[in-house]
Structures are given as structure tokens and as C-alpha cells.
Protein chains: 2
Amino acid sequence: MMSDLSKFPTVVVIGGGFGGIEVVKQLADKPVEVILLDKHNYHTFQPLLYQVATGSLEAESIAFSLRKNFEGQKNLRFRIAEVTSIDSAANVVHTDIGPIPYDYLVIATGSTTNFFGNKDIEKYSMPMKSIPEALNLRYMVLQNLEEAILKPSKEERAPYLTFVLVGAGPTGVELAGSLAELRNHVLNKDYPELAKEEMKVYLVDFLPKVLGPFSDEGSKAAEGYLTKMGVDVLLNVKVQSYDGHEIKFEDGRSIPTRNVIWSAGVMGVVPEGVDKASIERGNRIRIDNICRVAGSENIFAIGDVAAMITPETPKGHPGVAQVAIQMGELTGKNINRLIKGEPTEPFKYNDKGSLATIGRNKAIADLGKIKFQGFFAWLIWMFVHLISLMGGRNKIIVFINWVASYMSYNGGSRLIIRKFEPEQLVNKDTQVAQAD
Amino acid sequence: MMSDLSKFPTVVVIGGGFGGIEVVKQLADKPVEVILLDKHNYHTFQPLLYQVATGSLEAESIAFSLRKNFEGQKNLRFRIAEVTSIDSAANVVHTDIGPIPYDYLVIATGSTTNFFGNKDIEKYSMPMKSIPEALNLRYMVLQNLEEAILKPSKEERAPYLTFVLVGAGPTGVELAGSLAELRNHVLNKDYPELAKEEMKVYLVDFLPKVLGPFSDEGSKAAEGYLTKMGVDVLLNVKVQSYDGHEIKFEDGRSIPTRNVIWSAGVMGVVPEGVDKASIERGNRIRIDNICRVAGSENIFAIGDVAAMITPETPKGHPGVAQVAIQMGELTGKNINRLIKGEPTEPFKYNDKGSLATIGRNKAIADLGKIKFQGFFAWLIWMFVHLISLMGGRNKIIVFINWVASYMSYNGGSRLIIRKFEPEQLVNKDTQVAQAD
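Rules behind the numbers
- Residues numbered from 1 in each chain as written.
- Chains lettered and ligands numbered in written order.
- Predicted model: local features only at pLDDT ≥ 70, side-chain atom pairs only at ≥ 80, totals over all residues.
- Heavy atoms only, no water.
- Helix = DSSP H or I, 4+ residues; strand = E, 2+ residues; numbered from the N terminus.
- Rg over C-alpha atoms; globule rule 2.2 N^0.38 Å.
- Buried < 20%, exposed > 50% of the residue type's maximum accessible area, 1.4 Å probe, protein only.
- Contact = heavy atoms within 4.5 Å.
- Areas by Shrake-Rupley, 256 points an atom, 1.4 Å probe, with all protein chains shown as cover.
- Lys, Arg positive; Asp, Glu negative; His and termini not counted.
- Charge placed at Lys NZ, Arg CZ, Asp CG, Glu CD.
- Salt bridge = Lys/Arg side-chain N within 4 Å of Asp/Glu carboxyl O.
- UniProt positions renumbered as here; feature names shortened; annotations may be inferred.
- Pairing = 2+ DSSP bridges.
- Domains from an automatic or database assignment.
- Buried area = accessible area lost by both parts, 1.4 Å probe.
- Patch = residues over 30% accessible without salt bridge, like charges linked within 9 Å, V, L, I, M, F, W, Y side chains within 5 Å.
- Polar contact = N/O pair within 3.5 Å; in protein donor to acceptor, adjacent residues only side chain to side chain.
- Axes fitted to C-alpha atoms, helices over the stretch in contact; angles between N-to-C directions.
- Least-squares fit on C-alpha atoms with pLDDT ≥ 70 in both.
- Parallel < 35°, antiparallel > 145°, perpendicular 65-115°, else oblique.
- Left-handed = near helix turned anticlockwise from the far one by under 90°.
- Nonpolar A, V, L, I, M, F, W, Y, C, P; charged D, E, K, R; others polar.

### Describing the overall build of chain A
Across its full length, chain A holds 11 helices and 26 strands. Computed over its C-alpha atoms, the radius of gyration of chain A comes to 22 Å, within 12% of the 22 Å expected for a compact globule of 436 residues. Taken over 436 residues, chain A has a buried fraction of 57%. Partitioning the contacts of chain A with sequence separation of at least 6, the portion at a separation of at least 24 is 63%. For chain A, the accessible surface area stands at approximately 17,600 Å², while carbon and sulfur atoms represent 54% of it. Averaging the coordinates of the 48 positive side-chain charges in chain A and doing the same for the 50 negative ones gives two points 4 Å apart.

### Some details on the pattern of salt bridges
Under the counting rule described, the total for this entry stands at 38 salt bridges over all chains. Put simply, Glu342(A) and Lys340(A) hold a salt bridge, and the shortest N to O gap is 3.7 Å. By sharing partners, the salt bridges in this structure join Glu58(A), Arg138(A) and Glu60(B) into a single network.

### Here's the deal with the UniProt feature "domain: FAD/NAD(P)-binding" (unreviewed entry) in chain A
Here the UniProt-annotated "domain: FAD/NAD(P)-binding" (unreviewed entry) positions come out as residues 10–328 of chain A. Overall, residues 10–328 of chain A shows 29% helix and 26% strand. The separation of its end C-alpha atoms is 17 Å.

### A word on the pairing of strand β14 (residues 239–242) of chain B
Residues and elements named next belong to chain B. Of the pairings in the sheet, the one linking β14 to strand β15 (residues 246–249) comprises 3 bridges and is antiparallel in character. Pairing of Ser 241 across the sheet is with Lys 248, part of β15. Taking the residues between adjacent antiparallel strands as the criterion, β14 and β15 are bridged by 3 residues, where Gly 244 takes a positive phi near 95°.

### Describing the domain arrangement of chain A
Residue and element names in this part refer to chain A. When its domains are assigned, chain A resolves into domain 1 (3–113 + 266–340) and domain 2 (122–264). With centres defined by C-alpha atoms, the gap from domain 1 to domain 2 works out at 33 Å. In this assembly, 21 residues from domain 1 lie in contact with 15 residues from domain 2. Here domain 1 packs against domain 2, burying approximately 1,500 Å² in sum over the two surfaces, 65% of which is carbon and sulfur. Taken as a group, Tyr 50, Ala 53 and Thr 113 account for 37% of the area that domain 1 buries against domain 2, more than any other trio of residues on that side. At the junction of domain 1 with domain 2, the criterion picks out 1 salt bridge.

### A short note on a nonpolar patch on the surface
Residue and element names in this part refer to chain B. Side chains of Phe 375, Phe 376, Leu 379, Phe 399, Val 403, Tyr 406 and Met 407 sit close together on the surface and give an oily, nonpolar patch of about 680 Å² of accessible area. Counting only elements with at least two residues in the nonpolar patch, the list comes to α10 (375–388) and α11 (392–408). No other element matches the 4 residues that α11 contributes to the nonpolar patch. As for its placement among the helices and strands, Val 403 is situated in helix α11.

### Details of the pairing of strand β25 (residues 370–373) of chain A
All names here are of chain A. Sheet analysis places strand β24 (residues 362–367) next to β25, joined by 4 bridges and oriented antiparallel. Within the sheet, the bridge partner assigned to Asp 366 lies in β25 and is Lys 371. The antiparallel pairing of β24 with β25 creates a hairpin that spans 2 residues between the two strands, and Gly 368 there sits at a positive phi of about 60°.

### Some details on the side chain of Asn114(A)
Residues and elements named next belong to chain A. Inspection of the secondary structure assignment puts Asn 114 in the loop between β10 (111–113) and α4 (119–124). Reaching out from Asn 114, the side chain makes a polar contact with the backbone nitrogen of Phe 116 at a distance of 2.8 Å. Leave out the neighbours within four places in its chain, and Asn 114 touches Trp 262, Gly 265, Val 266 and Met 267.

### Structural notes on the environment of Gly224(A)
Residues and elements named next belong to chain A. Structurally, Gly 224 is set in helix α8 (residues 216–228). According to the relative accessible area criterion, Gly 224 is partly exposed, its value standing at 36%. Counting along the chain gives 186 residues from Gly 224 to Asp 38, while the straight-line C-alpha distance between them is 40 Å.

### Details of the sheet that holds strand β25 (residues 370–373) of chain B
Residues and elements named next belong to chain B. Read across the sheet, 3 strands follow the order β23-β24-β25 without closing on themselves; strand pairing throughout is antiparallel. In this open sheet, the two edge strands, each paired with only one partner strand, are β23 (354–359) and β25. Between one strand and the next, the sheet's axes are offset by a mean angle of 5°, whatever the strand orientation. Relative to strand β24 (residues 362–367), β23 runs antiparallel, the two sharing 5 bridges. Opposite Ser 354, over in β24, you have Asp 366 as the bridge partner.

### Things to note about the relation of the copies chain B and chain A
The operation relating chain B to chain A is a screw motion whose rotation component is 180°, with 0.0 Å of axial translation and a residual RMSD of 0.0 Å. Taken together, these values place the two copies in the relation of a two-fold axis.

### Regarding the packing of helix α1 (residues 18–26) of chain A against helix α9 (residues 321–340) of chain A
All names here are of chain A. Where α1 contacts α9, the axes come no closer than 7 Å and their chain directions differ by 30°. Considering the angle they form, α1 stands roughly parallel to α9. Regarding α1 and α9, the two cross each other, and that crossing is right-handed. Only Ala 321, Ala 324, Ile 325, Gly 328, Glu 329, Thr 331, Gly 332 and Lys 333 of α9 make contact with α1, whose side of the interface consists of Phe 18, Gly 19, Glu 22, Val 23 and Gln 26. Taken together, the residues of the contact of α1 with α9 sort by class into 5 nonpolar, 5 polar and 3 charged.

### Regarding the interface of chain B and chain A
With 58 residues of chain B at the interface, the matching set in chain A holds 58 residues. Contact between chain B and chain A buries roughly 5,300 Å² in total, counting both sides, with carbon and sulfur atoms accounting for 54%. Linking chain B to chain A there are 8 salt bridges. Here Glu60(A) and Arg138(B) are joined by a salt bridge, their closest N and O atoms 3.6 Å apart. When residues of the side of chain B that touches chain A are traced back to their parent elements, those giving at least two are β4 (63–65), α3 (66–69), β5 (76–80), α5 (131–148), α7 (170–190), α11 and β26 (432–434) of chain B. It is α5(B) that provides the largest number of residues to the side of chain B that touches chain A, a total of 7 residues. Residues of the side of chain B that touches chain A, tallied by class, amount to 27 nonpolar, 12 polar and 19 charged.

If you want it as C-alpha cells, here you go:
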């Protein structure tokens, strides 16, 4: 049906995240055959994952079918596939559905949670980088609340009602805010057996501030909001260990808890076969100024898995959606230019600023020189996230959920659809969950 | 916090389905302590399960948190629990969270799929009686479409694209219609590699008509709609075996297929400890005219798990929501009467009629003597199901999804959130699914 594409050069894109889908979009109606590979059949809108984790939004509201998104793009084939390795000498990607030859390859595999080699923390704490992980986290939180009401004493309940968030970046801050709102507005309604004060939320970071990359003004405001909402913010604190029952810090303190959520770092997901010499800090692939992998002619890497090291960006660009989107757009255009024999254009990051939300009426906006916090920042945060969501249906449904939550102080469905089994925590992204 | 309830009689309700929640509702503000047990923390609106299975609706739209539903009902305690047995001599329910004494007990455990003892069919075919099962079914359908496009020949693709629905009751008919619409409107958009004609939907029943309990007029109309939509309706056909690759019928015919969906029968879920002598056909507990379990003073059974055998209802009442709701309402009131020493009232079923939908603009309404089919029946079907759904948010979200589907011919998100592993099909309700 699509065999007439065989006369065109083949562009293989690995990963349907923000960067990958932008490349595909740029190549629509161009004389190329595009093959998009992803291990899921959907795109994840990661900035709202934390709302899936706390049950405010359904997973399907922040995910969008890749097939549906590209309906009508005649030069695209989509396949659910796991890449096993890249053979850059033979120009072939090896996958669990067979080898796929390419003329141009775009690695847009994103990042995963970085546990910095601590196996115990990896085993017992919860990451939140994908929809299955966010759902596992949701079920764990709800199950531990259910577990708590079965315990006869305050001491026995405490570890189930104590939530420790490690990493005070946007994910940690937004999760902390959400959990605090759950305690402040929902706990008494759903669990009249529990006293609000028994539920504790800690936000821990080894840096001296929350929202590290934000302005000091924004950071301070965020910390103020969190403290006011009842979150214990522990800064300049390094985690030493976690055994599933107690988290220990390097300063000697410790907290008994069954709920440690790890958002303290990410690292690139680099496929086998990429030259080890091109790997930078954070497991990212070094790319040149047109996003081409160091030492390669026809392989590109974009977004979280890529590091464009320049005098202006000695650590590469921040791991945010905007970088991936802009790199994806440029790469799609540059591949088209290369095919036509035209000169390529270099990457120039247009930083649109940063937004983070803490709770109702509370958000931080750092938009270049313009910085503000509070209700207006919160409106902007909602607006930007709504318009960025894929699909009209998703926009409407998320909007309704937000309005309902805002009015009722009681949003979210909080269902345990599939029981989460903590003893199977070894590898959570491929974690085995019980269906019933 | 709730210890002041201890002076009141305790009513334990097992199961938060249509019947169980009605009992709980009737006992609000009454001088009783109510304990509601369910293995899930949500109520399932079963009539729309098939739309979850075909991806038109999200699981959370047809489920509602039991805690949230009964917020503010001060005499209720809800627990997620599996009942292991009932000790009617000691008036205690044994569960996985410990023993729970009762003064009155209501068994509202509903029904599960009946495979009539055929172990192979149980092992390889898909049931659809719970949300996890409906999700497994959705993922299986989508995965088999993905699998099909990887096969080079029509013959190899066929079993993945052939759907055999066994049992032409409302569930089978509604699923057949949904799958036919998926083929007719979505397949070409999402899978341009596949020809529409390659996907086959069979609806099989050993009875001579579809929608057995409906009027002949309604049955005929439903069959006509299905045939017109391209469903192969096979009546008077009995299934002999299914080995995961080929379904065989007693008349010697067979169909190679990877997708057999079994909705050919249900049976009551009877807890251990119920007197075996009181079990009727379909594994249902025989009850008297006030829904009391035969031979018991203080144990009631309602809904799908109960059989009230009278001269007018020699097989008991139909296994539909209305029976459970009305039995639940009566039982709640009668328990209250018993406590107050007042005379109880007998059960009188008010049959409001039957509705079934086949697809857009196509439904069957049998409302007593009034029978009609088509667009108007379809509007009524939607209206009745919308108003019956729990929660304003769910009503709005389901309505938006239906409007979006109706306008676009392309509803549903069709995401494979958790991969379904067919080799683990042994017990599907507690089936192990892969998180990623």
C-alpha cells in the first residue's frame, strides 16, 4: 500500500515525545519515507504527569494516540517497537520487530530517572517519568491511605501517611503541592478515620533552594507557598539511603516512610550502538550545532537525550519540552535541506521562560526579565498547558476537570484500577501490576 | 472517631455494585453502623463496560469512588477487602483484613463470567465483567491490530483481525456493534496498511435469536442492524472448543482467530460459608420474598447473586441493574424495619423495560408494550445511561466523548497503557499485566 515510498530516502525517528513528533510533522508531504518508532502507541504530555499521579487527571487526558495524531500523513509508518541497537556502519536500527534500514536517523528517546547508582533507592522509591509510573504512584498513595486506616495506632499509621519527595525541581514541587492539597481538602472527606495532621509531606533537595533553575524571586515564592500549605521543605539535605521503611539523610536525620518519590535527576536513554566516546554527563549524546551526533553524517539526537555543548551552553540545554520541540523542528527542516542539497541551519534556542504551579491560585512565572507569582501566574500556567495539550477532546476534558476541582476542592476520581504490588518494585517502568 | 457507632447494630454489606450501594444509601442517618466491603475502591457502571473495552470511554468515566460517593455519610465505614468466608453461626465475615462481626449481612457480590466448566475456553477467551477485564480486552484488540500490520500475508493477518463474540446478549451485541464501527470508521484512518475487508466480526449464539430476552421485534431489528454493519451473525451455533488459535463449533465449522470474547453466561459469586443447599441454577443464592437467604434470619442476598424463585419467576429475576437496585432499596428499608420491630415488605419487581444499543442512531427499546427501534431508541438509550451514571463530572465527560465520537466518526483514545500478555491468560480477573 505504501510501497511507492521505497524510492524516497527513509527517515527513522526513535521516540514519539515532544521532539520526535515535531520531526515527523516537519517531514509531512516531503519526498521522504518516515518511520516513527515508540514503545508505546501514544505521546505523553509529561508536564501534567504529576496530576495523573495524584489522581486529578486521567492518564488518557494527557496522552494522545500517535496513530490518530498523524492520521492522513501518507509518508509515515508508525510501529510499536523497542530498539535493541543501532548499527551506524550498516545504517540499520535493530528492533524487537526486526531490522529497519535508514538513510537518516533521529534519536529522540528522551530521559529516564537517574538514581545515581544507588540500587536500594532505585528498588524502593517511586519514579515518575511515564504514564505507567504515574499510575503506579497513584495506586501506591491510595493503597497506603487505605492501609493506614487499618492500623490501630498513630505510630503504626505514620509511615503510610508520610510522603517524602526527593528533588525539588518542578516535578517535586508540583507533586508536593498536589499532595498537600489532597491532605488539606480531601483527606477528611474520604477518610474521616484519619486526622489531617497525621499526613506529612516532605520536599527534600541537596541544593539550597527549590526550583533550582528558576530566579531567586520565584524560588523564594514557591518555598513560601509550600510552607504555608504545610509542606516541610528540607534544603541542603542529601539522601543517604532508603530501605523501603526509613529514609536516611547524610546529616544523620531519618524519617520512617513507605512513600519515597524520586525526582532528583534524569539521564538520557541512549540506545546500544551509539559511540561511547560521544556520551556526555547525564548520559546524553554530544551533538553539533545542527543536532547531528558527534562523528556521524546522518544520525541526529534531540531533546533530553542530546547535549549541545557550546561556550554559551557548557552543560547543554535544559531538559524541557521547548528545547525538544525546537530541536525537532530544526532537525526535520535540516534533513529536508540535506536531501535537497541545501545548506543546513544551526540551532538557536528561543527560551520562552519557565512556569511551575504549586496549587490553586499559586504559580511561579519566570518569563525572561518579567517575573511574577500567584493567581495571574497560575492562570497563565493553566492556559499554556491547556493549549499545548494534543487534541481538542483532551483540552476540553482537562479544562472541565480543572474547573470541577477548583469549585469543589475535591477533584479527581482516586480509583485503584490495578493494584500496585510494592514487592515487585525492582524495575518499575516494566513493573508487573496485578489486574484486580 | 466513629466509636460512638458501637452501640448500634452493625450492617455489613459485601459489594459496592448497584445493589450494595442502594442498601448503604437507604441506611444513611439511620441508627445503624454500616460497613461496606468491596475488593475495589470504586463502583462500576457495568452497562457501559463495552465502551471501555473498545476505547470509546475511559475507565474512570464509568467508575466512581465509593469513598467519594458516600462522603458525609457518618454511619458508614468503607474497607477494601476480599471476603474469605462467612460464619453465619458466629455472625462474622472473615476477610483478608480480619474478621468483621455483623448483626445484619447483605451479600451483594454480583456475578462473574460462566465458562460452563470449559477450561480451555476459560484459559484463552476474554471475559468482560470488570474494568480490569475491559481494559485487558481493549489492549488485546489494539495489540492484535498492531501485530497484524507486521504480518506479510493476508492469511497470516487473518487470525489477528478476526473477532469472535460468543453470546449474543446485550454485551455481545453492543461489543459487536462497537467493533464493526471501529472497522467501518477507524481502521482505515489508524491503519492505512490494512484493508477494511480484512477485519471480521462474528457474533455467535446457540439460541435462534440475538438479544434473547428481548421481544422478537427488537431481536429482529438488532440482527438487521448488525448484518448491515457487516457483522456475521451465527445463530443456533454451539461452541465446542477454543485453543487460542482456532474456535471450533459443534456443527463442524471453525474459524482461525486470536480474539474470542466470551459473554455467553454469568454465574453468581457466592462467598464460602453460604449453605450449599440454598444454591440455585447459575450459582445463585435462593432468597425468600424479602430477599432473605433461605434458612437465615439476618442474612440477605440481592442482585445477580440472588434467585427469588416464585411461581411468577421460576428462574428468578433477570440479572440486570434494575433488579439489584430495587432489591437493594427494599433490603435497606426492611433492615431498618426489622431493627424498629416493624413488619417487613415483600419484593415487587417494577420492570421498566430493556434497552440495547448497536451503534450510532441504532438501538432497541422494549418498554413493556411499547417497542421501537432506531434513532429515537438510541437517544433514549443515551439519556437513560447518562442520567444513571454516578457523578456530575462523569456525566459531562461521557457526554462530551459521545458528542465528539458522533461528530468525528473517530471517538476514543485507543491507548495501550499497559501491555496485555496473552500467555498469562489463566485467570484474567487477577491477571498479571505488564506495566510498560
